Each structure stands twice: as C-alpha cells, then as structure tokens.
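Close look at the chain arrangement
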Amino acid sequence: MSQTETAPPAEPAIPKDPLVHKSYSVPIALSMLAFVGSLVLAVVDEMWWRRPYKAIQGQYQETYSAYLEKVAAKRRNFHDNVLLRVAEYETLAQTAKDAAAAVAERAMDLEAQLKTASAKSRALGNALKEAKSEIAALTYESEHKAQSAGNDDVANAPEARKYIDEIQKIRDREVTYTWTATTYAGGNTETKEESATGKVGPLLEVAMELETAKATLQQDLGTATEARAAAAKAKDEWLANNLGNLAHALENADDATKKRIAESGAARYLDETAVSLSPSALDGLRRSVDQIPHSWDIFRDGAGQALIHVSDVPLFRGDIKQIHIKEAANWVDRCTTCHLNAREPLAVTVEGMKRVLAETVTVPGATPEAGPTTLEGWPQSKIDSMPLDLFKSHPRPELLATHDPERFGCSMCHNGNGVAVTNTELAHGINHYWLQPLYPKEHSEAGCVQCHMKDLHLPMGDRINAGRDQFRRAGCWGCHKYEGFNTEVDELTALGGRAKEVEKAIREKTQRTDNLLALQGSLSDDDAAIAKEKPVNLAERNALTQQIAQLRTEQQQIARRAREAFVERQRVGPNLKDVKVKLLRQFLTDWVRDPRAAHKDASGNAFRPDTKMPTFRWWGDADEEVKDVAAFLWQSALDPQDFPEYRLPKPAAGDAKRGKELFEQTGCLVCHSIGTGAEKIGADYAANLSNLGEKDTPEYVARWVHHPRERLAAYDPSKKPGARDVAGAKKPGEGADPDLVWSQHVIMPNFRLSDQQVADITAYLVGQKRSGVKYEEPTWLDDKKRFENGKRLVLFQGCAGCHEIKGLEDEKGIGVELTPEGSKPIERLDFGHLTISAERGVEPLKDGKGLLEDAASLFTKDQPWYRVRGFVLHKLAKPDIYDTAKYLPDRYGRLRMPQFKFTAQEIRDVTTMVIGSVETKIPETFRYRPDDRGKAIQEGWWVVKKYNCQGCHQIEPTDVPALWNVPFFAEKVDPKTRDTFLPPTLVGVGYRLQPEFMAKFLRDPSLGGGRDKPKSLRAHLAVRMPTFDFSDDEIQKLVLFFQAMADQPEVYQPSVPKPLTDAEKKAAAAIWKAANCIQCHVVSGSAMTTETKAPDLGHTPKRLRPEWMHRWISDPPGMNPNTAMTRFFGEKPGKDGKWRYMTELPELKGIEADHVDLMVRYLSEGQAGK
Amino acid sequence: MHFDWHQIWVNVSLPDNVPIVLMMILIPYFLWYGFREAVRNDRLIAQLEADPALAKTHHRKTFPFHPAWDKVLHTWPYLLRVEFLAAVIVTVILVVWSVFLDAPLESPANPMLTMNPAKAPWYFLGLQELLVYFDPWIAGVMLPNFIVVGLMAIPYLDPNPLGNGYYTWKQRKFAITGFMFGFLVLWVVLAIVGTFIRGPGWMWFWPGETWDHHRVVHEVNTHLHQVAGIPDDHHLAVGVFGGVVTLGALAVLGGIVDITIRKKLPELFRRQNFIQYIHTVGLLVLMATVPIKMALKLALNIKYVWVTPWFNV
C-alpha cells in the first residue's frame, strides 16, 4: 500500500499477474452452489424420486378414506333404514321383546331381591370390618403366645387366656348397620332405608348366609331370563350374519319391505356395499387408513401417539410395507407398498371406487338438530388423476384364502422383483436382465404351474386348466415330453430295465444256490473244520431261496404293471398299422399332404376341415414326398395275408335310418361330431365322422363300432419293435397268453351294441359320402422303391410320436421336453434370424400371413418379444417362423413342428402353461404336497379327463357336460328332468356308492349283461354307460378319486344294519307298496314301464351306502334339487327324532323304529319287491 | 446393408460404456489443450532464449508472462485454490452421475451359460483385445507387468531435466511421442476397439453393422512356420524356426531403435548410462512389437510366430 502511495507515477505500470490477482470467488461460489445443489438432488432422489410409493400412499389415503367414508355412510343408512326393518328381523325383534315381557315380573322381583341382598351384605360388611380386623389380630396373638410357650392347645393355654377373653368381648359388642331395601310389587319398585342392630358374633354368621342367598338369587334370575337372553342372541346373530349378506335379506323381505327398500334407493348400494363389514367396522378401517403410522413421527406421548407428525410432510411420509418369509430363504415382497389394498378385508373394484367417489352422499346427523352432512362427489378429473388400479383388491380373494400372502408373499406366484420399490419396471422385473418378469395379466395363472405341476385340474385355475386341456387334446404330448403326460412310455422303459436286472439277479442267485448245493455234497463230516461249513452253507442257501422268491414276486409285479401300462397307454392318433384294412386306398395320400385341406370337392370344401391333425410342411417335390410317406405307411401296415384274423367279415346289411337314430341317441356325439358348417352337431373331443364312406371300409367301421379297443392282432410287449404283432393268438377269455396285450392305444369305449345295431350304425356312417369328389387311383402305394425314403420322412416328421407304426413303436417324440421350458435362458431359445426383430420390437407376424383362426389378433403391435413368452406365442401361431430368412437346401435341417389350428385364446392358454413350467425357486416346503385325499384327487383327474367322463357326467357342480348340447338330449337338460333322463351327476357319488360296487360297475357297466342286456342300472335312459376297458389301476384311481371328492375316507367300513323283524318286514313292505316305489324304480330288471325313471333297486345291498340312503330317502330334493323323487316321510323328524311315513298304515302300528331306517334296512337286505 | 444407428445407440448408451464415451471426447480435448499450451510456451521459450538479457535470468517459462512478475509462486493459495475448485467440480459431476445413472447390474451369473460377448470392464478391454493377438500368458500377465514396471522405471530412465511444471513439446519430443504411442495407440485405441468394434463371439463389427449373434465368419489362423512350409509335427524345427525369427526380429528392431536414437536423439544417448540405455531400448522394442504382431494377425491371419510346447509368441 505504502508503495503505491509513495512511488512516483513515472514508472510504467506493471500489469497485474493473473495467477496472483485473478479472483476465483465467483467460480468457487458457483461450484459450491452446484455442490450444495447436487447434495439436494441426491436427497430428493433418495427420498422422493426413488420412493414413488410416498406419493401413492398419500393418494391412497385420500382416495380410500373418502371412499370408505361414503361407503360407511351408505352402509349405515341401509343398515338403519332398511335392514332393521326386514320382516324376519322384525319377527326376531318381536320374539325377543315378547320373551322379555314374559319374564318381566319375576325378573324385576328377583332383581329387587338381589339388589336388597347386595346392599345389606355390603352394609353388614362395612359394619363388621373393624371388629373382624381386631378379632384377627387377637387370634394371631393368642396362637403366637401359646405356641411360644410350647403349648399347642390354644383354647386352654394360660398364656392365651387374656386374648381369648378379649375376643369374646368383641363378639359381644353391639353394632348397627343401615341399608337400602328394594322391593318390587305390581310394577312398582320401591326403596326404603332399613337398619338393624345385633351382636358381632351372630352377625358374622348372618353375613355368610347373605352371600349364599345372593348366589341363589343370581342363579334364579339366570334361569328365569334364559328365554329372554336366547331370543336377544338370535336377534343379534341374525343381524351379524345378514350384514354380510344383504342380498339374502332383500330376497327374504316381504313385499312391503321390498317396496321400502326400493323407495329408499338402497338396492343400488348392494353391489359395492355388500361387504362383510358393519358400518362401525368400516369406520374403524377408515381410521386406520387415515392414520398411516410412521417411524418418522417423533415425540410420542404416554399413549404412544406422535406429538409431531413429520409424516404430514410428503417427503417424510410413507412406509415400505413388506412381507418377510424367513422359512423361504428370507423371501421378501414389498408389493403391498403400492398395491395397498391387495389384502384389505374390503373387496374393492376400480369401477366401484369410481362410482362411489363420483357420488354425492348425504349422511344423517348424529342428532336431529345437527342436520345431515353432505359428502360431495369428486370431480371426474380428480378421480382420473388417482391410480385407482393400484388400490383395488386382489380379484380372487378365494385364492388368497388358500395361499395366505403372509406365508407365500406375492412374487412366488406372480413373479417380478418383490424387493424393488423404485419404479414399476424394476418392481415388476420388466427388465432384460431380470429372469422372472411379472406374468402378464392374461398369463397370471402361469404361476400356479411351478407347484401344481402334477395337477391336471385346479379348482380355481380356469386358464391354466384350459391350457393343459389344449395341450392334452391337441396332442402336444405326442412329441413333447411333459411331466405327467404320456408317463406310461417312460414307465415301460423303466420297468423293462428293472425286469432285466431282476432276471439277471435271479439267474445269478440260482447259479450260486446250485454251486452251494454241489459244494454241500463234497463237504465231509470227518474233518471237524470242514463240517463247520455245513450249517453256513445251509444258511446261505436258505437266504438265497428267500431272495429268489422275493425277486420272483417282483417279476410278477413288473409283468402285471407293464400289462396295465400297455392298456393305459394312449396315442394321439389312430393306429396306422391298420390302414390296409381300415382305409380306402385312394384316401391316404392327400390326407398326409394336408389333412385340413384334403380331398376338396367341386366347391372347394375339404373332407374334414376341423380335424385335429396338424398340417405338416413338405419341401422340395412335395408330391413325391407325400407319395413316399403314403407308400411307406401302406406297405408297413399289417397285411391280412399274414394275419388271418385281419380278414374282417362283411358286415350284415344295416338300416341307415335306424343307424342315424342310434348314432345320435346312444351317446356317440358326446365325443364325436358329424355334419359340417351349420349342420354340425356333437362335440370336438374326437373326430368329425362326416363322409366316412369316402374314407373307411365298412368292415373296419363295423369292427370299430363293435369294440374299438380290441386289437386285430395280439400284441406282445416283450418283442422288439416291428415284431410285436403276433398272429394266431387266442383272445382274452379263450385261454390267451397273459403276456399279450389285447387293447389298442385308444380310449374309445365299447358301447355293447348288438350285431344288428352295429350294422345299422355302420350303414349310416359309411353311407355318408359327398358327390363329385375325384379320387385318383394311388398306383404308388405299392411302389417298393418309395419305402426307404418314406420311412426317413416319417421318422423326421415325427409321425410315430402320435401314431403306432410298425417297426417304430418305440420311437420317442421329436419335440423338446417342455417341463422346464419356462426357465430356459433366453439365449437357449433359437429365434433364428428374428433375434434382432424380437429384441428391437419388430413384429414379423403383423401382416397376419399364414396365421389361422384369430391368431393374428395376438400380433398387432410392434413391441419387444425377446422373452420365453414371445417365443412360445410366435411358435404356436406359426411353428416354422424361426426358419424365416434361412437358406436351407437340406430339408432335414428345417423346423418340424406342424401347423396347428389354434385360436388366439388357445395359443394364450398353452403359452400360460409353458411359461409357467419352470424349475421353481420356491422351497420344497412351500409347494403343494397333497395328502392321501389330495393325491387321490390329483391322480383321479388324469383318468377323468383322459376318458372324457365330463362329457356325460357332472364331476363338479359347475360342469356342463357335452351331452347337454347334443340335440336329442338338449331338451332334457331342464333341471326338472335332467336327473331323470340324463346320466346321473357324479357330485358326491363317493358318498352314495360302495367302493366295491363302483369298481365292479366301472369294469363292466352292464353288470354281466353284455351285449344282450347292455343296460343295467338305468335301463330307461337312451344313453348307456359304455365299457371303457380301464386298467385295474385306473379303476382304483377312479374309486379313490370319487371317495376323496365326496370327502369319504379311503377305507370304507360298511355299517351292518339291524336285521328286520317279521313285523318290521311287513311294515316296510307296506310302505314300499303304499309309496308305489315300483312305479319309478325297477327291481332286478323287472319290466320297465313308461313311468320308469329311476335306477334298478335290485343291486341296492351291494351298491348303496346305508348312511347315504337314510339321508336320501328322508329328503331327496334336499340332496339333489333336480331329482324327480319326492319326500315320502314327514317334513322333519318327529319329537323323538324319528321319521314317520306320511300316511297312517295299519302295518305301521306298534313299529317303534324310524320309518326311513326301516326302508334302508329293507332295501339293504334286498327285500325290495319280494 | 443399411447403417444400423440403433446398434450404435445401444452401444453408446449402455451405462457400462458411458465412461469410455466421455473419454473419447475428453482425450482429444485435453490433447488439443495441452498442445496449444505447449506451442505457446515453446514460442515463449524461444523468445526468451533469443534475448540474452532475459536468458540469463531464471524466468518463468510459461504463459502468462511478464518479466516483472514473480518467478515462483507459493502452492498455497495459488495452486491449492485451483485444485480445490477442480475437486468440487469433480465431486458435483460424480454425484449427479450417480443420481441419474444406476449401476449397470445384469442377471445373476449362470454357470451353465456364458454371456456373449463376455466383456471385461471398459478400462480392461484393451488388455482383453490383446488376447486376440497373444498367448493369454503374454497378453494377460507379461504385458501388463511390463506396463507397470515400465511406468515405474520412467523417472529413472528419463535424463531430460527440462519441461517440469509447464507444457512443452520442443523440450520433450521423445517423452511425449513415447507416451502418445503407448497410451493412445496401445491402450485407448485398443479399449475402443474392444468396446465398440468387438461384438458377439468377439467378432469384428464395423460401426453401423448389426451385432448379430448368428453371424458366422470363416477365419483360419495360421502360424508363421506353416506359412514357411514347416510341418507341425516337426517340433524341433518349428521351435527353432520360431525362435530364430522372433529373436532375430527383436534383434533387428533393437538395432533400428539403437541407430535411430543415436542419430536422431544424440542428447538422450549422451545423457543415459549403459543400463538406462539398454532398458530404454528394450521397452521401446517391446512397444513396437505389439502393433507388428497385431498387423500380422489382422492382415495376414498369422496367430503365432513362435510355437513351442510351453509357450507361444
């Protein structure tokens, strides 16, 4: 400074050094600001941006609180103004009132007495308090002094004398006590002050007596008012029960109440207010929503209430809500942080919330003076701004009831990233690297598969059931292995392996036994050391003999199970060994080329456009390839030359008209359909049989209708493929070799038709032909040169996966196993040249080219589909899609999966099944582990679905059997006639029938009648239960299944009814006659009349369970509302708990027994109709 | 084939690759900045040295310059305040970066499935790229060790006292050239190749080509002895041939480097003692072999020059 002041200005000014003088204040200030800003940014990011649930929870609080307030108001309004005025409730209220009035006098009297006694007892207690205390102290002193002097006899001890005298003095002291006495007489209650005086000693006794009197009075009061309390309880209970069931209350209301309800406008509240919560419970719920507690809140008072609500500041609001399952490797799900209402007790839908929030509701004031309050409806814009979708309840609460979220969390079933709450994409796992993305809504049931792999049918899984059904019916399992499907093949392989091992073991052990035996002879008794070996030798031989016996038993079991498995085995398509006897020569070739488009007539209609068989692709010279395949199939088929029994007799002449009737009324249409276009009738379970005359020979059709499962040539499982069909063997029952199999791998049952009926149906079916279809003479079928190439093609295309072909019996399906398909890494799925399109969201099927049905609707948008789901969807819609843009000169390098005709929904359902088929991360203990009952149901469903039991019967009450849609039967589906003219419902059949009978009936539904008497129990029905040729194991599974479905124990212990006395027998016979049971029932095949509409009762002793019969006879419509049988016995059991026949009969005089029981015993003894 | 901008965007926007994208901008910038300063300083130095009066005094040899200014400045506050500013700015950048870009996590490792392409972190991709050209033992162990040891040795090998504390080109031509070759060519360029050019299957994809997992290339690697016509099973011949070629090439390269230094950098040669000189030449030769080997592989598909049962070069 001094320098600048003193220095002469003449010196040239030196410029300032920027390194020294340049100020950095501004950059440093700015950078510090930026620094602080970045910290603020970090805090905001951490506390707000990455915690979107804070805003959501605020919105939830606002929305749900408003919603609950309105719902509670409406609910209260309904409760007060409508529900309490329902007639039933009013009756109950009146009863309670009457009951109260009836006991009023006595109760008042007793209550007055009780009051007096209490008052007196209390007064006396107070008056004696001091004296009692003194006596106690003196007693102690006297005892203590006597004891100190070593004298146990206190009363006479001199040391205690003084105190005992003192006590006596007190006991003689006089006290006065005053109490209020209440008396009741003639409806008036009066009170009066009373007092008494007495000596302490006697008064102590009085006090004790008073206590006893009080207890007695209390008891008397209870007894007297018992009826009153019961009536009040009934009233309250009704209210509690019906709060959750307003609809029921409305239904039972009388007209006046209904009118009142209509006037009050309450009916429209029913939809969203029909909840199991009372108005006060709703208020409670609202309070809990209003006060979302938060650990941020600080300074709590004594009651734990926060004094400073930091959570009112949005930045500090909200909590992560998580489900933590320790046992499942610390599984954590935080889904409910945003899906706040998923588990709340109130079922809320988006529509319901929208409606309620928009409404204006008037709440009556607490007092009339306060006047009503109005809750304004929200403006639409506010409603739209709320993420209502997040606030709805789980749409299937019944699923949550069996899968408690507290135990299973959310993401075990739904997938997604249960831990993430940062944003929707992360939380839902919609990220390339997250291996378990949330299942999209249309596939939400995919999550069931991982634990319920073996359940073919899930009670709540509509879509997954549909997916598996499609998988089963389309025959996907012919080529693709999948857990539970087509298990017989693997089982047979395993059994074959084990059989070889067992055989080898037996051989070795026999050899060893022989050696030991030889050795035994050479052991001499002379040498003591050698003689010792003898018992050792014997012991080993004995052990070996036992082991060999065990092995032989196992051998037998293996053989038995192998035969069963061959009977159970099913193939997707028909047996192609039969083509030479079955098909007309000219039919085969065009069908192989493209089944859906084969043999078009002049107007372009194909022979069977709705066939299940998919279309295969042929490359190169398609004509030649198809001819090669046809030639191979034809030449490999069994030749009648080699198998004399293959020469089928010409069927007898039949009447096509009668055949048509039989075909339509016997039950064929439950599985098959006939006719095309609008004329098509029947179901799609099996083939459409239109125009069969163009395809099949009459002999084969006749044979097939006669008994489809019977093989033409016997089948020897132990032989090598190609040599399994053996000629000349006898048939079952004719001394056939038990190792031979006589059952085709089909499921079509035998209808036990007579020869004439068979001829009629054959005539009808074979008579169906279109006109003007040109068939070329297939000269190539016998061209031996085509055989080898045909075989190569058949092997490549995988025909043997679905069809039985000679020499290829053991060929496995050509597809990949799909059991773990859903958890395949995406890199392992070959998208071919579409990988880039899939990743970048280019939709190759957008133009819909080559797609069938409405499959194009799945592929309208360009969106990334590089996921297992996208792979499967595209593959199912167009199986050759991943060959796109490939240069494939070698036809054997191409994709082989044929083109199926699936609808969009079917594709979606099968995709659901496939993407859900994963190697699960869920611990073993969390998966479904059925008990015996569950296992019986699980296994039973496979049999039930396999044989299409649901085509005729209801297994579950909601089933709609295909039979109901067959024209002839459709008119009888009316609930009044359903049970009379259609096959019986099987709901609860396990409780109805004895298991032994069930097994017997399943084995032969004609119960020995055969073709002559094909119908047994319900001969009046047009349909008949066919013979399915179940294996023994299947019959067992079915019986256990029906028992389990009816909640019956596995082992049935029949109750033995008391034998009827002569008088009882007479009485029962009288009822039998009077009730005219024989009008509707028949007994042991007695003549049917036009009135016959019920089962044959001749089988009852072995057939029906007595406990079921008792329930049934006492109230048939109560057990089955569709039955034609009415009540014959009093509406309710009499006062002694016994049922009585409705009319007085002379024979019934003096019969003590329950009349229903009488009939049960009568029928169980097989007396009916005798 | 259209130019695939999508692929470019995918590669550039990958959170993994953000640093290397930034580096591709920052390195040219700092290179330009350094050279600009260096040229100005060099000019000043020339000016000062041309003026005998000024040359005698020990002047500040950097811009800004004034003869009257202090020759030296204190670290505090003149240096530290700038460093503080830089530290704050870097902190701000890191905080903002970490707020907006999450850690690029991928799927859990699957022992049954190797990712494709399997890439090292971006800063190691240069080394990974070297694996294409060298035996893993050389690329993964030897070369990194030479890099570390070489960097540590520089202070002991550098005989040039000039250029401390200011940018200059003229006074440190040799050091800067060596650095630019070693860092830019052998490290940065290789890392960029590894990041943006190497796609699935570690195949070479030019920018704009789609990284197609299904791409198949026909590439046959040959060894030098095969080119020379020596059969593979003549192990001794193969080994001796490779040894002679390799050691010969190293010797020739050493000779070239030696002659070049003697001729073009007499100062360096004069100032270094024998041990320093040997090491300098050795490291330079090694640096030169890397691009030669790469050229052999890329242009002629020659994988190894020297094949022995124990190691390959």
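Not measured: the values here are computed from a predicted model.

1. Some words on the packing of aromatic side chains
All names here are of chain A.
- For the structure shown, the criterion picks out 48 aromatic pairs over all chains.
- Arranged with centres 4.7 Å apart and planes meeting at 85°, the rings of Tyr947 and Phe1030 form a pair that is edge-to-face. Remark: Phe1030 occurs in the loop between helix H40 (995-1003) and helix H41 (1032-1045) and Tyr947 occurs in the loop between helix H36 (932-946) and helix H37 (967-970); sequence separation between them is 83 residues.
- For Tyr947, a relative accessible area of 3% translates into the label buried.
- Among the residues examined, Phe1030 registers a relative accessible area of 9% and is labelled buried.
- Positioned above the aromatic ring of Phe408, the side-chain terminus of Arg407 is 5.4 Å from the ring centre.

2. Some words on unusual backbone geometry
- Look at the link from Trp76 of chain B to Pro77 of chain B: it is a cis peptide, with omega at 5°.
- Secondary-structure assignment places Pro77 of chain B in helix H4 (residues 75-78).
- With omega at -5°, the peptide bond leading from Asn116 of chain B into Pro117 of chain B counts as cis.
- Looking at the secondary structure, you find Pro117 of chain B in the loop between helix H5 (80-100) and helix H6 (125-130).
- Located in the positive-phi region is Glu853 of chain A, a residue other than glycine, with phi close to 50°.
- Relative to the helices and strands, Glu853 of chain A resides in the loop between helix H33 (835-840) and helix H34 (868-877).
- When its relative accessible area of 48% is taken as the criterion, Glu853 of chain A is described as partly exposed.
- We note that Asp1029 of chain A has phi near 55°; this positive angle belongs to a residue other than glycine.

3. Some remarks on the confidence of the model for chain B
- With 99% of its residues at a pLDDT of 70 or more, chain B has an overall mean of 91.
- Per-element confidence in chain B ranges from a low mean pLDDT of 76 for helix H3 (residues 52-56) of chain B to a high of 95 for H5 of chain B.

4. Some words on the interface of chain B and chain A
- Tallying the contact residues gives 35 residues for chain B and 32 residues for chain A.
- Buried surface at the junction of chain B and chain A, both sides included, amounts to about 2,900 Å², of which 69% is carbon and sulfur.
- The tally of links from chain B across to chain A stands at 2 salt bridges.
- Across the pair Arg840 of chain A and Asp4 of chain B runs a salt bridge, and its minimum N-O distance is 3.0 Å.
- Across the chain B-chain A interface, the total number found is 12 residue pairs in polar contact (both at pLDDT 80 or more).
- Looking at which element gives the most residues to the side of chain B that touches chain A, the answer is H5 of chain B, with 13 residues.
- Along the lines of polarity and charge, the residues of the side of chain B that touches chain A split into 20 nonpolar, 9 polar and 6 charged.

5. Considering the environment of Lys731 of chain A
All names here are of chain A.
- Tracing the chain through its elements places Lys731 in the loop between strand S12 (725-726) and strand S13 (741-743).
- By relative accessible area, Lys731 is classed as partly exposed at 26%.
- Spatially, the C-alpha atom of Lys731 lies 9.3 Å from that of Glu710, the residues being 21 residues apart in sequence.

Thresholds, definitions, all that
Residues numbered from 1 in each chain as written. Chains lettered and ligands numbered in written order. Predicted model: local features only at pLDDT ≥ 70, side-chain atom pairs only at ≥ 80, totals over all residues. Heavy atoms only, no water. Phe/Tyr/Trp six-rings, centres within 6.5 Å; stacked < 30°, edge-to-face > 60°. Helix = DSSP H or I, 4+ residues; strand = E, 2+ residues; numbered from the N terminus. Buried < 20%, exposed > 50% of the residue type's maximum accessible area, 1.4 Å probe, protein only. Lys NZ or Arg CZ within 6 Å of the ring centre and 35° of its normal. pLDDT = per-residue confidence, 0-100. Contact = heavy atoms within 4.5 Å. Buried area = accessible area lost by both parts, 1.4 Å probe. Salt bridge = Lys/Arg side-chain N within 4 Å of Asp/Glu carboxyl O. Polar contact = N/O pair within 3.5 Å; in protein donor to acceptor, adjacent residues only side chain to side chain. Nonpolar A, V, L, I, M, F, W, Y, C, P; charged D, E, K, R; others polar.

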